[in-house]
Amino acid sequence: MSETRGFPRHIRTDAGEIDIRLMTRADEASVLAFAQGLPTHDLLFLPRNISEPRVLTAWIAEIERGAITSILAVKDGRVVGCGTLVRDPLSWSPHVGEIRMVVASEVRGQGVGRALSQETFALALGAGLEKLTVQMTVDQGAAIALFEGLGFRAEALLRDHVRDIQGKTHDIVVLGHNVAQVQAQLEAYGVPGAVAS
């Protein structure tokens, strides 16, 4: 899925210099430390709790199987963000991918999330996906605004869809994006190479 995208990539953000690279089994301990440092509320929109070691082990197995592509944002040798593109070519929706993204609190609002979302979006374009979805709790206003800035639009509200460790339920908003339409627009303007480089 990532053959059209060159990694690692070096990006300058307001948080400083960030390396964006593909996640591998060698990253398991550093990604676990990153996930365990996140507020639990930030993990609610993910299908599984990535701060659990067995979940992380299964995640890496899915990366190795090719069902998931995950990229890491690394600052000074420490993971500060992760963007993931999930797809299931054997499902009824092989043309649809899901973006999942989490960013450490200390680098939020400094361009790290934007860089990760753009890189993950470019992976989706390179994979030939026609539609992307992303989901988050409704109170994650900055993340919703970030994805709306990429052209995502609200498609569904799932009431009381997740339950936190205190037992409180939270609504999830699902945003969607027609990637095929964006790809056609880029080609019309002659810039698809800029996205795939």
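Below you will find a few notes about this structure. (Residues numbered from 1 in each chain as written. Predicted model: local features only at pLDDT ≥ 70, side-chain atom pairs only at ≥ 80, totals over all residues. Heavy atoms only, no water.)

Moving on, we get to the sheet that holds strand 5 (residues 96-103). Pairing within the open sheet is mixed, and its 8 strands lie in the order 1-2-3-4-5-6-8-7. Here the strands that pair on one side only, and so sit at the sheet edges, are strand 1 (9-13) and strand 7 (153-163). Recorded for the sheet is a direction-independent mean angle of 25° between the axes of neighbouring strands. Here strand 7 runs beside strand 8 (residues 169-178); their pairing, made up of 7 bridges, is antiparallel. (Pairing = 2+ DSSP bridges. Helix = DSSP H or I, 4+ residues; strand = E, 2+ residues; numbered from the N terminus. Axes fitted to C-alpha atoms, helices over the stretch in contact; angles between N-to-C directions.)

Let us now look at the pattern of salt bridges. A full pass over the atoms with the stated rule returns 11 salt bridges. The partner of Arg21 in a salt bridge is Asp27, with the nearest N and O atoms 2.9 Å apart. Residue classification places Asp27 among the buried positions, given a relative accessible area of 5%. Among the salt bridges present, the one from Lys131 reaches Glu155, with a minimum N-O distance of 2.9 Å. Taken together, the positions of Lys131 in strand 6 (residues 131-137) and Glu155 in strand 7 put the pair 24 residues apart, joining distant regions of the chain. Here Lys131 falls in the partly exposed class, since its relative accessible area comes to 27%. (Salt bridge = Lys/Arg side-chain N within 4 Å of Asp/Glu carboxyl O. Buried < 20%, exposed > 50% of the residue type's maximum accessible area, 1.4 Å probe, protein only.)

This part covers the packing of helix 1 (residues 28-36) against helix 2 (residues 53-65). Viewed as axis vectors pointing N to C, helix 1 and helix 2 meet at an angle of 130°, and their least axial separation amounts to 10 Å. Regarding the angle of helix 1 to helix 2, the classification is oblique. Considering how the two elements wind past one another, helix 1 and helix 2 form a crossing that is right-handed. Mapping the contact onto sequence places Glu28, Val31 and Leu32 in helix 1 and Pro53, Leu56, Thr57, Trp59 and Ile60 in helix 2. When grouped by side-chain class, the residues that make up the contact of helix 1 with helix 2 number 6 nonpolar, 1 polar and 1 charged. (Parallel < 35°, antiparallel > 145°, perpendicular 65-115°, else oblique. Left-handed = near helix turned anticlockwise from the far one by under 90°. Contact = heavy atoms within 4.5 Å. Nonpolar A, V, L, I, M, F, W, Y, C, P; charged D, E, K, R; others polar.)

A separate point is unusual backbone geometry. A cis geometry characterises the amide bond from Phe7 onward to Pro8, with omega recorded as 0°. By the secondary structure assignment, Pro8 is in the segment before strand 1. Look at Asp76: it is not a glycine, yet its phi comes out positive at around 50°. On the secondary structure map, Asp76 appears in the loop between strand 3 (68-75) and strand 4 (78-87). Since its relative accessible area comes to 73%, Asp76 is described here as exposed. The phi dihedral of Asp160 is positive, around 50°, even though this residue is not glycine.

In short, the description is geometric, and any link to function would need to be established separately.
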